Amino acid sequence: MKLDSRLAEFIGSSGDGHLGPRVYEITVVGGFSDLHFILVHVPELIKKLFPKIKIHLFKARTRNCFVCKFYIKDIMLKLSEYVPVGQKDKNSTKIPNVISEDPKLLKRCICGLIDTDGGIYSHHKRSAQIEYSCRSPSLQKSVKEGLFKLGFNPACSGKSLFLFNKDVHKYFAEIGSSNLKHNMKYTFWAKKHRVMRTYEIIPRLYSYISKMSHYSHERSRILAESVKFIIQKNI
């Protein structure tokens with residue numbers, strides 16, 4: 001399997017879930033505010049990488065989150081060349097050397113990691129920060145080293161890694177995001193100097209996804225419609 005920018009991003013995105021050794025599953029999970037990312041972007045990325053596989057999209061029963069999952073032994077074994085099999089907090093996960101040594105691949109992998117396990121939040125009244133949460137010390141260290149290589153100045157506290165102010169602008173200019181929620185929040189902050197809250201962003205995301213004329217996965221439309229009642233109830 002050729003390691004290109006799309007695969008590097010997917011390897012980063014799969015950091016939010018895990019590669020399951022028993023049933024050969026690959027899982028990516030996101031909350032309601034990740035509606036577009038989980039139901040639209042991730043399935044499209046998977047289809048471009050692995051056109052023949054069947055994707056399972058569903059809402060978790062016990063949590064307000066969506067799951068994108070697929071099962072295939074051959075692909076999982078190929079991905080295990082780059083990502084350790086098992087949950088990320090139970091092994092020595094890190095960004096693969098072949099990715100960290102290539103700035104282009106490193107940017108896409110970090111993009112995938114922060115799109116799933118990170119976000120943009122208020123720092124002070126008019127400033128913002130990117131926070132990346134990770135339960136694996138080795139992966140957090142790997143991401144920190146990767147950001148240093150790319151000219152950023154990350155700071156760590158506990159299980160979180162942070163980028164502040166100028167680095168937030170630099171991040172979106174040089175790395176960017178495939179998560180519509182992150183892009184909306186950054187654009188709003190850059191103009192208004194205030195970070196949108198979750199209750200503000202979810203209706204905007206639903207409005208965007210409900211107007212889409214094309215889905216790479218029909219199940220995305222069904223799940224998006226199922227969120228309508230929940231959004232209306234909480235507005």
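Fair warning: this is a prediction, and the values are worked out from it, not measured in the lab. (Residues numbered from 1 in each chain as written. Predicted model: local features only at pLDDT ≥ 70, side-chain atom pairs only at ≥ 80, totals over all residues. Heavy atoms only, no water.)

1. Quick word on the packing of aromatic side chains
Part 1: With the rule as written, the count across this model stands at eight aromatic pairs.
Part 2: Here the aromatic rings of Phe-50 and Phe-70 are separated by 5.8 Å at their centres, their planes lie at 50 degrees, and the arrangement is tilted. With Phe-50 in the loop between α2 (35-49) and β3 (56-59) and Phe-70 in strand β4 (residues 65-71), this pair connects stretches of sequence that are 20 residues apart. Here the two residues Phe-50 and Phe-70 agree in accessibility, since each one is buried. (Phe/Tyr/Trp six-rings, centres within 6.5 Å; stacked < 30°, edge-to-face > 60°. Helix = DSSP H or I, 4+ residues; strand = E, 2+ residues; numbered from the N terminus. Buried < 20%, exposed > 50% of the residue type's maximum accessible area, 1.4 Å probe, protein only.)

2. Thoughts on the nonpolar core
Part 1: Counting 62 residues, the largest nonpolar core has Ile-46, Ile-95, Ile-110 and Tyr-171 as the members making the most contacts within it.
Part 2: At eight residues, α2 tops the list of elements feeding residues into this core. (Core = buried A, V, L, I, M, F, W, Y, C linked by side-chain atoms within 4.5 Å.)

3. Looking at unusual backbone geometry
Part 1: In this structure, Asn-165 is a non-glycine residue whose phi angle is positive, near 40 degrees.
Part 2: Relative to the helices and strands, Asn-165 is located in the loop between β9 (160-164) and α7 (166-174).
Part 3: Backbone geometry at His-193 places phi at a positive 60 degrees, although glycine is not the residue there.
Part 4: Within the secondary structure, His-193 sits in the loop between α8 (180-192) and α9 (198-210).

4. As for the side chain of His-182
Part 1: Mapped onto the elements, His-182 comes out in helix α8.
Part 2: Residue class for His-182 comes out buried when judged on its relative accessible area of 3%.

5. Comments concerning the environment of His-182
Part 1: In this structure the C-alpha to C-alpha distance between His-182 and Ser-33, which are 149 residues apart in sequence, comes to 9.5 Å.
Part 2: Setting aside anything within four residues of it in sequence, one finds His-182 in contact with Ile-114, Asp-115, Gly-118, Gly-119, Ile-120, Phe-172 and Ser-177.
Part 3: Within the local environment of His-182, its side chain forms a polar contact with the side chain of Asp-115, the two groups lying 3.4 Å apart. (Contact = heavy atoms within 4.5 Å. Polar contact = N/O pair within 3.5 Å; in protein donor to acceptor, adjacent residues only side chain to side chain.)

6. Quick word on α2
Part 1: Its 15 residues place the ends of α2 21 Å apart at the C-alpha level, agreeing with the 21 Å of an ideal helix rising 1.5 Å per residue.
Part 2: Largest kink in α2: about 30 degrees, centred on His-41, with the proline Pro-43 one to four residues after it.
Part 3: Of all the 15 residues making up α2, 11 are buried; the element is thus mostly covered by neighbouring parts of the structure.
Part 4: By the burial criterion, the buried members of α2 are Leu-35, His-36, Phe-37, Ile-38, Leu-39, Val-40, His-41, Val-42, Pro-43, Leu-45 and Ile-46. (Expected span 1.5 Å × (residues − 1). Bend = angle between axes of the 7 residues up to and from the residue.)

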